[in-house]
Amino acid sequence: MASNRKVMVLPGDGIGVEVMAANMTVMEWLAKHKSLSFDVAQDQVGGAAYDAYGVPLRDETLADAIAADAVLFGAVGGPQYDDLDFSLKPERGLLALRKEMDLFANLRPAIVFDALAEASTLKPEIVSGLNIMILRELCGGSYFAEPRGIDELPDGQKKGYDTNAYSTSEIERIGRVAFELARKRDGRVTSVEKSNVMMSGVLWRDVMNALHKAEGGDVALSHMYADNCAMQLVRNPRQFDVIVTDNLFGDLLSDCAAMLTGSLGMLPSASLGAPDPDTGLPKAMYEPVHGSAPDIAGQNLANPLAQFLSFAMMLRYSFGQGEEADLVEAAVADTLASGKRTGDIMAPGCEQVGTDGMTEAVIDAMNRRAR
Ligand code: IPM
Ligand code: MN
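Structural notes, computed from the coordinates. (Residues numbered from 1 in each chain as written. Chains lettered and ligands numbered in written order. Predicted model: local features only at pLDDT ≥ 70, side-chain atom pairs only at ≥ 80, totals over all residues. Heavy atoms only, no water.)

## What to know about the packing of aromatic side chains
Here comes step 1: Counting across every chain of the model gives four aromatic pairs.
Here comes step 2: With centroids separated by 5.9 Å and ring planes inclined at 70°, the aromatic side chains of phenylalanine 38 and phenylalanine 311 adopt a geometry described as edge-to-face. With phenylalanine 38 in the loop between helix 1 (15-34) and strand 2 (39-42) and phenylalanine 311 in helix 10 (residues 305-319), this residue pair connects regions lying 273 residues apart in the sequence. The burial state of phenylalanine 38 is the same as that of phenylalanine 311; both residues are buried.
Here comes step 3: Chaining the aromatic ring pairs together yields one cluster made of Phe38, Phe311 and Phe319. (Phe/Tyr/Trp six-rings, centres within 6.5 Å; stacked < 30°, edge-to-face > 60°. Helix = DSSP H or I, 4+ residues; strand = E, 2+ residues; numbered from the N terminus. Buried < 20%, exposed > 50% of the residue type's maximum accessible area, 1.4 Å probe, protein only.)

Listed below in structure tokens is the structure:
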């Protein structure tokens, strides 16, 4: 059946391919049992696109992604691409999508499922019940700001450099998203930078304070240096509600937060742009945080749950299907409660399953809940 929900599916490389195939099963289930269908177009990105077309992202793929209502992304990268020219590396495909679609707000929720409190490398009493949101700025800072490069110096050395720059408007727009998120949660925002060392951090803090004064009176804003935040995330992560930070700090802190949840294989993300003036919907891409994990790719070992949870975020943020998003998330929780585990979250007394087994278990749980 034709659908007006246009989804661009980009599995990419490594385990991205397997977890996306698993996610298709979930999408098919929703079409069959909830009459919720999608108009799916699929294409290559990253190393797979390089292999097929010689570039990590084709112009037509980018155009299709921009035209879609939402992009569902797997993962990119692999050791076979290590020696490629920087501009052709698989990651450039992902970064180009983020930049060209202007997906500046990257939501990375770190939630500890009850059944997984034991799977974290931290003590269960530190992480159980954890529910924090890391909001990472995704289109600026040291990932994109100019100048950047590798120059030859007169003495024959080379100099490699990046720039961490943020303008007032770039900080304001991510700050606004942080306040909006906090309003739907516990109402607290921690803004993270290094204003003790970096000028971009000084401006970041000033702009956050001014924005808070002008628009954020109903939200509690506090500030933290990024190094302290890394420490606090492993010391007492539940002190946070929304953490808003720049592109590079957000990259580091979200990996750290992922491990609180038991495994990098559990963390979903949504990358959102500004709302479209006509539809009110943002450009959006949904992506598990875990990456392509080439060491376990193609062996039916990958944990598909972060992909399912990313898909649930798509249902909620791009299609307003909160009920179905709840269903997918509840089925994931049921599956974990039943003791099924992929290797990355395996615990004593649990049953180890592969990508297939985990997917079947989630589908079973959806069937049970839909009855
Ligand atoms: C992430 C990844 C990417 C990043 C890589 C693959 C370019 O680590 O989404 O966190 O650094 O942003
Ligand atoms: Mn990362």
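Next comes the rest of the write-up.
## Things to note about empty space enclosed by the protein
Here comes step 1: Tallied over the full model, the rule gives one cavity of 30 Å³ or more.
Here comes step 2: Counted as a void, the largest cavity has a volume near 50 Å³.
Here comes step 3: As for the largest cavity, its lining consists of Asn164, Tyr166, Glu193, Lys194, Met198, Ser200, Gly201, Trp204, Asp246 and Phe249.
Here comes step 4: If you tally residues by element for the lining of the largest cavity, the top one is helix 7 (residues 199-215), at three residues. (1 Å grid on protein atoms, 1.4 Å probe; cavity = no way out; pocket = protein on both sides within 12 Å on 5 of 7 lines; lining within 4 Å. Points joined across faces, edges and corners; volume = space filled by probe spheres on them.)

## Some remarks on the pattern of salt bridges
Here comes step 1: In this structure the tally under the stated criterion is 16 salt bridges.
Here comes step 2: Aspartate 186 serves as the salt-bridge partner of arginine 188, at 2.9 Å between the closest nitrogen and oxygen.
Here comes step 3: On the accessibility criterion, arginine 188 (29% relative accessible area) is partly exposed.
Here comes step 4: It is possible to trace a salt-bridge network through shared partners that takes in Asp43, Arg58 and Glu60. (Salt bridge = Lys/Arg side-chain N within 4 Å of Asp/Glu carboxyl O.)

## Considering the pairing of strand 2
Here comes step 1: With four bridges joining them, strand 1 (residues 6-12) and strand 2 adopt parallel strand pairing. Paired with valine 7 across the two strands is valine 40, which belongs to strand 2.
Here comes step 2: Regarding the hand of the β-α-β motif, the stretch spanning strand 1, helix 1 and strand 2 is right-handed. (Pairing = 2+ DSSP bridges. Right-handed = clockwise from strand over helix to strand, strands pointing away.)

## Comments concerning the side chain of serine 269
Here comes step 1: Its place among the elements puts serine 269 in the loop between helix 9 (247-260) and strand 11 (270-275).
Here comes step 2: Since its relative accessible area comes to 0%, serine 269 is described here as buried.
Here comes step 3: Among the polar contacts listed, one links the side chain of serine 269 to the backbone oxygen of glutamate 287, at a separation of 2.7 Å.
Here comes step 4: Beyond its immediate stretch of four places on either side in the chain, serine 269 contacts Asn106, Leu107, Arg108, Met285, Tyr286, Glu287, Val289, Ser310 and Met313. (Polar contact = N/O pair within 3.5 Å; in protein donor to acceptor, adjacent residues only side chain to side chain. Contact = heavy atoms within 4.5 Å.)

## Structural notes on the packing of helix 1 against helix 12 (residues 355-370)
Here comes step 1: Running from N to C, helix 1 and helix 12 cross one another at 20°; their axes reach a closest spacing of 10 Å. Taken together, the axis directions place helix 1 and helix 12 in an arrangement best described as roughly parallel. As for how helix 1 packs across helix 12, the hand of that crossing is right-handed. Taken together, the residues of helix 12 that come into contact with helix 1 (itself represented by Glu18, Ala22, Thr25, Val26, Trp29, Leu30, His33 and Lys34) are Thr355, Thr359, Ile363, Met366, Asn367 and Ala370.
Here comes step 2: Per-class residue counts for the contact of helix 1 with helix 12 are seven nonpolar, five polar and two charged. (Axes fitted to C-alpha atoms, helices over the stretch in contact; angles between N-to-C directions. Parallel < 35°, antiparallel > 145°, perpendicular 65-115°, else oblique. Left-handed = near helix turned anticlockwise from the far one by under 90°. Nonpolar A, V, L, I, M, F, W, Y, C, P; charged D, E, K, R; others polar.)

## Looking at the sheet that holds strand 5 (residues 131-137)
Here comes step 1: Ordered by their spatial adjacency, ten strands build an open sheet running 2-1-3-12-11-4-5-10-8-9, and the pairing between neighbours is mixed. Edge positions in the sheet fall to strand 2 and strand 9 (220-225), since each has one partner strand and no second. Neighbour-to-neighbour, the strand axes of the sheet open up by a mean angle of 25°, direction not taken into account.
Here comes step 2: The pairing of strand 8 (residues 188-193) with strand 9 spans six bridges and is parallel.

## Focus on the environment of isoleucine 15
Here comes step 1: Residue position: isoleucine 15 is located in helix 1.
Here comes step 2: The class of isoleucine 15 is buried, set by a relative accessible area of 4%.
Here comes step 3: When the C-alpha positions of isoleucine 15 and arginine 58 are compared, they lie 21 Å apart, and in sequence the two are 43 residues distant.
Here comes step 4: If sequence neighbours within four positions are ignored, isoleucine 15 has contacts with His290, Gly291, Ser292, Ala293, Ile296, Ala297 and Ala302.

## Describing unusual backbone geometry
Here comes step 1: Cis geometry marks the peptide bond from glutamate 146 to proline 147; its omega dihedral reads 0°.
Here comes step 2: As for its position among the elements, proline 147 is in the loop between strand 5 and strand 6 (149-152).
Here comes step 3: A positive phi angle is found at serine 35, which is not glycine, with a value near 50°.
Here comes step 4: Looking at where serine 35 falls in the secondary structure, it is placed in the loop between helix 1 and strand 2.
Here comes step 5: Taking the relative accessible area as the measure of exposure, serine 35 reaches 56% and is therefore exposed.
Here comes step 6: One non-glycine residue with positive phi stands out, namely aspartate 102, at about 55°.
Here comes step 7: Checked against the element boundaries, aspartate 102 lands in the loop between helix 4 (90-100) and strand 4 (105-111).
Here comes step 8: What makes aspartate 102 partly exposed here is its relative accessible area of 32%.

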